[in-house]
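Now for the letters of each chain:
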Amino acid sequence: LEKVRKRRIKKEDRVKYLLSIKAIKKVNGKLYLTNAGVLFFLKKPQEIFSNAGARIIIMNEEGEGIKQIEFSGPIWKMADELTGWFEKNMEVIEVVGIAKREKVQVYPIRAIREAIINALIHRNYGLEGDVRIFVYKDKIRIRNPGSLMPGVSLDFPEHIPRNPALCNLMFDFGYIEKYGYGIALMKRLTKEHPIADLKFVVREFFFEVIFSKEKLYGILDEIDKKIIAYLETPKSSGELSKEIGLSRQALVLRLNKLVNLGLVRKIGKGPKTEYARL
């Protein structure tokens, strides 16, 4: 509240501000937190709304969840912690530009953050289930319970919030830049990104944002493409080294990059390790 006070309200107007933004309400002369106030200000709102958490699910190549990281707390804190996880764990690869090589994250972190915030504030808290983020080798799926509001479409993302008080709180505290701007911002950031692509899935009971690596083939050099072409059937690094004409050490570095990008899979361990394209 101190952040907001410095920007727009006087210290003595705190209660008036919280009433106007519907974070609290007065009942029989006493002040109580509203649902939005609970989700924003309580240290553990999940004690009241058990479905108000979020989780990251790490998926294997067979599409099975192999690890879960759960997040709880007020929604602004979850937004920060979820974004922080991606900042720490997102892959960085070398891209060949017009003038030089540069290292970039495989997805635009600002677009990821926008999708996370949208999932937390626009979800339907009347539906069971938390916000779930599925992390695959080649894509990220950010899914929230509840579809788009009536009158809102991907082509015309009007600001018709399901949880207006929550939106107002996140806007006033700087988590939303501009009302109705989230989808357009994600589209622009991924369009400008050299690797990431974006699509949305709208269903009756959930909304999903999918970031993928569809642009990858445009940034691979000729050696990378040659390696992928040779991997129509599984091969060892020794076999590939002879066919490609690279040292085994240089080849393994490229194979590891392609595995991390989700273009090649690793089969087996140790001396019997083989590689195949996905």
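Note that the structure is a prediction, hence the values are computed from the model and not measured.

Scoring rules and cut-offs
Residues numbered from 1 in each chain as written. Predicted model: local features only at pLDDT ≥ 70, side-chain atom pairs only at ≥ 80, totals over all residues. Heavy atoms only, no water. Helix = DSSP H or I, 4+ residues; strand = E, 2+ residues; numbered from the N terminus. Buried < 20%, exposed > 50% of the residue type's maximum accessible area, 1.4 Å probe, protein only. Contact = heavy atoms within 4.5 Å. Lys, Arg positive; Asp, Glu negative; His and termini not counted. Charge placed at Lys NZ, Arg CZ, Asp CG, Glu CD. Core = buried A, V, L, I, M, F, W, Y, C linked by side-chain atoms within 4.5 Å. Pairing = 2+ DSSP bridges. Phe/Tyr/Trp six-rings, centres within 6.5 Å; stacked < 30°, edge-to-face > 60°. Lys NZ or Arg CZ within 6 Å of the ring centre and 35° of its normal. Axes fitted to C-alpha atoms, helices over the stretch in contact; angles between N-to-C directions. Patch = residues over 30% accessible without salt bridge, like charges linked within 9 Å, V, L, I, M, F, W, Y side chains within 5 Å. Areas by Shrake-Rupley, 256 points an atom, 1.4 Å probe, with all protein chains shown as cover. Salt bridge = Lys/Arg side-chain N within 4 Å of Asp/Glu carboxyl O. Parallel < 35°, antiparallel > 145°, perpendicular 65-115°, else oblique. Left-handed = near helix turned anticlockwise from the far one by under 90°. Nonpolar A, V, L, I, M, F, W, Y, C, P; charged D, E, K, R; others polar.

How should I be thinking about the overall build of the protein in this particular structure?
The helix and strand tally for the protein stands at 10 helices and 12 strands. In terms of overall dimensions, the protein has a C-alpha envelope of 80 × 40 × 35 Å along the principal axes. Looking at the 278 residues of the protein, the share that counts as buried comes to 44%. Pairs at least 24 apart in sequence give 54% of the contacts found in the protein among residues at least 6 apart. Charged side chains in the protein number 51 positive and 34 negative. The centres of these two groups are separated by 5 Å.

How should I be thinking about the nonpolar core in this particular structure?
Across soluble globular proteins, nonpolar side chains have a tendency to be buried as a group. F86 and F211 are the most contacted members of the largest nonpolar core, which totals 76 residues. Looking at which element gives the most residues to this core, the answer is helix α5 (residues 109–122), with 9 residues. When sequence neighbours within four positions are dropped, the list of residues in contact with F86 reads I56, I109, I112, I116, I133, V135 and I140.

I would appreciate a short explanation of the pairing of strand β7 (residues 131–135) in the present structure.
The side chains of a regular strand alternate, first on one face of the sheet and then on the other. When you tally the buried positions in β7, you get 4 out of 5 residues, the bulk of the element. Examined bridge by bridge, strand β3 (residues 54–59) and β7 share 5 bridges and lie parallel to one another. Looking at the pairing, R55 lines up with R132 of β7. Of the strand pairs in this sheet, β7 and strand β8 (residues 139–145) are connected by 4 bridges, and their pairing is antiparallel. Considered in β8, the bridge of R132 is made with R143. Taken together, β7 and the strand that follows it, β8, pair antiparallel across an intervening segment of 3 residues.

So what exactly am I meant to see when it comes to the packing of aromatic side chains here?
Two numbers describe a pair of aromatic rings. These are the distance of the centres and the angle of the planes. Under the defined criterion, the tally for this structure stands at 5 aromatic pairs. Arranged with centres 6.5 Å apart and planes meeting at 75 degrees, the rings of F41 and F173 form a pair that is edge-to-face. One end of the pair, F41, is in helix α3 (residues 35–41); the other, F173, is in the loop between α6 (164–172) and α7 (182–192), with 132 residues separating them in the sequence. By relative accessible area, F173 is classed as buried at 14%. A centroid spacing of 5.0 Å and a plane angle of 85 degrees characterise the contact between W85 and F86, whose relative ring orientation is edge-to-face. Just above the ring of Y125 sits the side chain of R123; from NZ or CZ to the centre is 4.5 Å. When the ring centre of Y136 is taken as origin, the NZ or CZ atom of K139, which lies over that ring, is 4.3 Å away.

Quick question: what am I supposed to make of the sheet that holds β7 here?
The pairing of strands in a sheet happens through backbone hydrogen bonds and is either parallel or antiparallel. A sheet is described by the order of its strands in space; here 6 strands give the open sequence β4-β3-β7-β8-β10-β9, paired in mixed fashion. Bordering the open sheet on either side are β4 (65–71) and β9 (197–202), each of which pairs with just one other strand. The sheet shows a mean angle of 15 degrees between the axes of neighbouring strands, taken without regard to direction. Pairing between β3 and β4: 6 bridges, direction antiparallel. In the strand pairing of β4, A54 is matched with F71. Against the sheet, α7 contacts β9 and β10 (206–212), and its axis sits at roughly 150 degrees relative to β9.

Hey, could you run me through the pairing of β3 in this one?
Most of β3 sits out of view: 6 of its 6 residues are buried. With burial as the criterion, each face of β3 is covered, one bearing A54, I56 and I58 and the other bearing R55, I57 and M59. The hairpin turn running from β3 into β4, its antiparallel successor, is 5 residues long, and G63 in that turn takes a positive phi close to 80 degrees.

Help me out: how do you make sense of a nonpolar patch on the surface in this one?
Side chains of V15, L19 and L31 sit close together on the surface and give an oily, nonpolar patch of about 220 Å² of accessible area. Tracing the chain through its elements places L31 in strand β2 (residues 30–33). Relative accessible area serves as the criterion here: at 41%, L31 is assigned to the partly exposed category.

Help me out: how do you make sense of the packing of helix α8 (residues 222–230) against helix α9 (residues 237–244) in this one?
Between two packed helices, the angle of one axis relative to the other and the distance separating the axes together describe the packing. Contact geometry for α8 and α9: axes closest at 11 Å, N-to-C directions at 125 degrees. Here α8 is positioned oblique relative to α9, judged by the angle of their axes. Regarding α8 and α9, the two cross each other, and that crossing is right-handed. Across from I223, K226, I227 and Y230 in α8, the residues of α9 making contact are L240, E243 and I244. Across the contact of α8 with α9, the residue classes break down as 5 nonpolar, no polar and 2 charged.

Whenever I open this one, the pattern of salt bridges confuses me. Can you help?
One side chain can pair with another of opposite charge once the charged atoms of both are near each other. This model, assessed by the stated rule, comprises 14 salt bridges. Note that R55 and E70 form a salt bridge whose closest N and O atoms lie 4.0 Å from each other. Note that R55 is positioned in strand β3 and E70 in strand β4, a separation of 15 residues in sequence. Since its relative accessible area comes to 18%, R55 is described here as buried. Overall, the relative accessible area of 60% leaves E70 in the exposed class. Between D80 and R113 there is a salt bridge whose closest N-O contact spans 3.1 Å. Of the two residues, D80 is situated in helix α4 (residues 75–89) and R113 in helix α5; the sequence distance between them amounts to 33 residues.

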